[in-house]
Amino acid sequence: MSIKFLPYAKQRIEESDIDEVTQVLRSELITQGPKVPAFENAIKDNVNAKHAIAVNSATSALHIACLSLGLKSGDWLWTSPITFVASANCALYCRAKISFVDIELKTGLISLKDLSRKLRKAEAEGCLPKILIPIHYGGASCNMREIKRLSQQYGFSIIEDASHAIGGSYENQPVGSCKYSDITVFSFHPVKIITTGEGGVATTNHDAIAEKMSVLRNHGVIKDNNRFQYPPEGDWAYEQQSLGFNYRMSDIQAALGISQLKKLKRVVIERNKIMKVYKNLLVSESLDFLDIPKDVLSTFHLAVIKLKAVSKEQHREFFTILRRANIGVQVHYIPVHRQPYYRELGFKEGDYPKAEAFSQSVISIPMYEALTIDDQKRVVKEIQGAVEKIM
Ligand SMILES: *Cc1c(COP(=O)(O)O)cnc(C)c1O
């Protein structure tokens, strides 16, 4: 008899989603039709931003966000080491230099103490960052008010990597409103809060940045003859004025996004309930949950538990026991600077000790809307058994 596998995250697709998508499949335009702009409008209304630019992934959104803020060779971009590699790779795509700011152990979010210290030092040494990418780890917003204040003091731009955090809020404002940032990026990969299969969006309140991002996602091509650099030779004319990419989202994806977005509120409430159940059932001297900062509504993209005072080996064993019990646990994340590609750039063990310690103590346990109470009880029982075995 095989026991049901419970992944750490998965999408929920309902009949209403399938209906929206099949409508597009039966229509004339399956890409570059009306659904992408409709999805963008729905997103910007939902998060209270002036512009939303839909693309084929959050990775693409991060890339064109950096380019639209002028990131180039010689510039520095800083982010947290506790993130997916995409948040750092975007710097390297632009030939900029990358550095990291260590985290706060209680939340997994960028440490503002470390950030302030690193900024003071960088100012003295003349290597301040052009862009900072704070990560809303697990679905909880960073302290954006303070990050914004530092950006004004030191003159850097801010891209919020909110891949985990659509539907969350900070100071009662939706994440994505860009009140304290230049651009916010969301991911619609199936493990995230809502999905378009693959997909992402960048929101901003700056007209010029929005315009740059929408040109960059489409090869750098402009079709509006009022903005041509040369007189058009005919009605077919279009001009490539910069080096862009094909980062477009399709109408098939956007239709799924429109339908999924309607359920966002319900999804976030449900995830908060699931987290509450875990917190009630999982009471153990050996385990901790992450703190959620005040003024933050988390989406709980991840249900993260922390093993207190364990060795690397105990953490590894705990993980293995749960995987053997068909619980699809995961570690979020291997610190980016520990990846071979980043070691090659000169990063070493010990560069960001808190991120390294965090990575050796956390485990993400199953968290998705369709998780039942019985599933949760099974997860809890297996965790309690695993704790006993490793201690
Ligand atoms: C998932 C994720 C990304 C990349 O998203 P894609 O849409 O898969 O490109 C970037 N940053 C973080 C923090 C993520 O979790």
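Predicted model, so just to flag it, every value in this text is computed and none were measured.

Peer 1: Could you give me a rundown of the site of the ligand, with the residues and numbers involved?
Peer 2: Taken together, 14 residues are adjacent to the ligand, and Thr-59, Asp-161, His-164, Ser-187 and Lys-192 come closest. The contact in question runs from a nitrogen atom of the ligand to an N or O atom on the side chain of Asp-161, over 2.8 Å. In this structure, Ser-163 approaches the ligand through a side-chain N or O atom, which is 3.4 Å from a nitrogen atom. Contact with the protein chains covers 92% of the free accessible surface of the ligand, which is 390 Å². When each cavity is represented as a set of grid points, the ligand is found to reside in the largest pocket. Secondary structure elements with two or more residues in the shell around the ligand: α3 (58-68) and α4 (86-93). Counted by class, the shell around the ligand contains four nonpolar, eight polar and two charged residues.

Peer 1: Kindly report on the pattern of salt bridges, identifying the contributing residues and their values.
Peer 2: As enumerated under the stated definition, the model contains 20 salt bridges in all. In this structure, the salt-bridge partner of Glu-14 is Arg-266, at a minimum N-O distance of 3.3 Å. Here the residue Glu-14 occupies a position in the loop between β1 (6-7) and α1 (15-25), and Arg-266 occupies one in helix α9 (residues 264-281), the gap between them amounting to 252 residues. The partly exposed category is assigned to Glu-14, whose relative accessible area is 23%. Across the pair Asp-75 and Lys-130 runs a salt bridge, and its minimum N-O distance is 3.6 Å. Separated by 55 residues along the polypeptide, Asp-75 in the loop between α3 and β3 (76-79) and Lys-130 in the loop between α5 (112-125) and β5 (131-133) bring together distant segments of the chain.

Peer 1: Break down the layout of surface pockets for me, with residues and values.
Peer 2: Its volume calculated, the largest pocket comes out at about 380 Å³. Along the wall of the largest pocket there are 23 residues; nearest its centre are Phe-84, Ser-163, Ser-187, His-189 and Lys-192. Where the lining of the largest pocket is concerned, the elements lending two or more residues are α3 and α4. For the lining of the largest pocket, the element with the highest residue contribution is α3, accounting for three residues. Its residues assigned to classes, the lining of the largest pocket comprises nine nonpolar, eleven polar and three charged.

Peer 1: Which residues make up the sheet that holds strand β8 (residues 173-174), and what values go with them?
Peer 2: Spatially, three strands are ordered β8-β7-β14 in an open sheet, and the strand pairing comes out antiparallel. Both outer strands of the open sheet, β8 and β14 (296-297), are each paired with one neighbouring strand and no more. Looking at chain direction, strand β7 (residues 169-170) and β14 are connected through two bridges and run antiparallel. Its bridge partner being in β14, Ser-169 is matched across the sheet by Leu-297.

Peer 1: Hey, could you go over the environment of Ala-165 for me, with residue numbers and the actual values?
Peer 2: Position of Ala-165 relative to the elements: it lies in the loop between β6 (157-161) and β7. Between the alpha carbons of Ala-165 and Tyr-352 there is a distance of 24 Å; along the sequence they are 187 residues apart. Other than its neighbours up to four places away in sequence, Ala-165 contacts His-136, Gly-139, Val-175, Phe-186 and Thr-299.

Peer 1: Provide a residue-level description of the nonpolar core, including the pertinent values.
Peer 2: Counting 99 residues, the largest nonpolar core has Ile-159, Phe-318, Ile-365 and Ile-383 as its most contacted members. Look past the residues within four positions of Ile-159 in its chain and what remains in contact with it is Leu-62, Ala-65, Cys-66, Leu-69, Ile-131, Leu-132, Ile-133, Pro-134, Ile-183 and Val-185. Val-47, Ile-193, Ala-254 and Leu-264 belong to the second largest nonpolar core, which has 23 residues in total.

Peer 1: Account for the packing of α3 against α4, with residues named and values stated.
Peer 2: Relative orientation and spacing of two packed helices are given, respectively, by the angle between their axes and the distance between those axes. One way to put it is that α3 packs onto α4 with a least axis distance of 9 Å and a crossing angle of 40 degrees. On the basis of the axis angle, α3 is oblique to α4. The way α3 lies across α4 gives a crossing that is right-handed. Between α3 and α4, the contacting residues are Thr-59, Leu-62, His-63 and Cys-66 on the first element and Ala-86, Ser-87, Cys-90 and Tyr-93 on the second. Of the residues assigned to the contact of α3 with α4, the class counts are five nonpolar, three polar and no charged.

Peer 1: Give a description of the side chain of Thr-196 that names residues and reports values.
Peer 2: Examined against the element boundaries, Thr-196 turns out to sit in the loop between β9 (183-187) and β10 (200-204). At 2.8 Å, the side chain of Thr-196 forms a polar contact with the backbone oxygen of Glu-198. Residues in contact with Thr-196, not counting those within four places in the same chain, are Phe-39, Phe-188, Met-249, Gln-253, Leu-256 and Gly-257.

What counts as what
- Residues numbered from 1 in each chain as written.
- Predicted model: local features only at pLDDT ≥ 70, side-chain atom pairs only at ≥ 80, totals over all residues.
- Heavy atoms only, no water.
- Near = heavy atom within 4 Å.
- Polar contact = N/O pair within 3.5 Å; in protein donor to acceptor, adjacent residues only side chain to side chain.
- Areas by Shrake-Rupley, 256 points an atom, 1.4 Å probe, with all protein chains shown as cover.
- 1 Å grid on protein atoms, 1.4 Å probe; cavity = no way out; pocket = protein on both sides within 12 Å on 5 of 7 lines; lining within 4 Å.
- Sits in = over half its atoms within 2 Å of the grid points.
- Helix = DSSP H or I, 4+ residues; strand = E, 2+ residues; numbered from the N terminus.
- Nonpolar A, V, L, I, M, F, W, Y, C, P; charged D, E, K, R; others polar.
- Salt bridge = Lys/Arg side-chain N within 4 Å of Asp/Glu carboxyl O.
- Buried < 20%, exposed > 50% of the residue type's maximum accessible area, 1.4 Å probe, protein only.
- Points joined across faces, edges and corners; volume = space filled by probe spheres on them.
- Pairing = 2+ DSSP bridges.
- Contact = heavy atoms within 4.5 Å.
- Core = buried A, V, L, I, M, F, W, Y, C linked by side-chain atoms within 4.5 Å.
- Axes fitted to C-alpha atoms, helices over the stretch in contact; angles between N-to-C directions.
- Parallel < 35°, antiparallel > 145°, perpendicular 65-115°, else oblique.
- Left-handed = near helix turned anticlockwise from the far one by under 90°.

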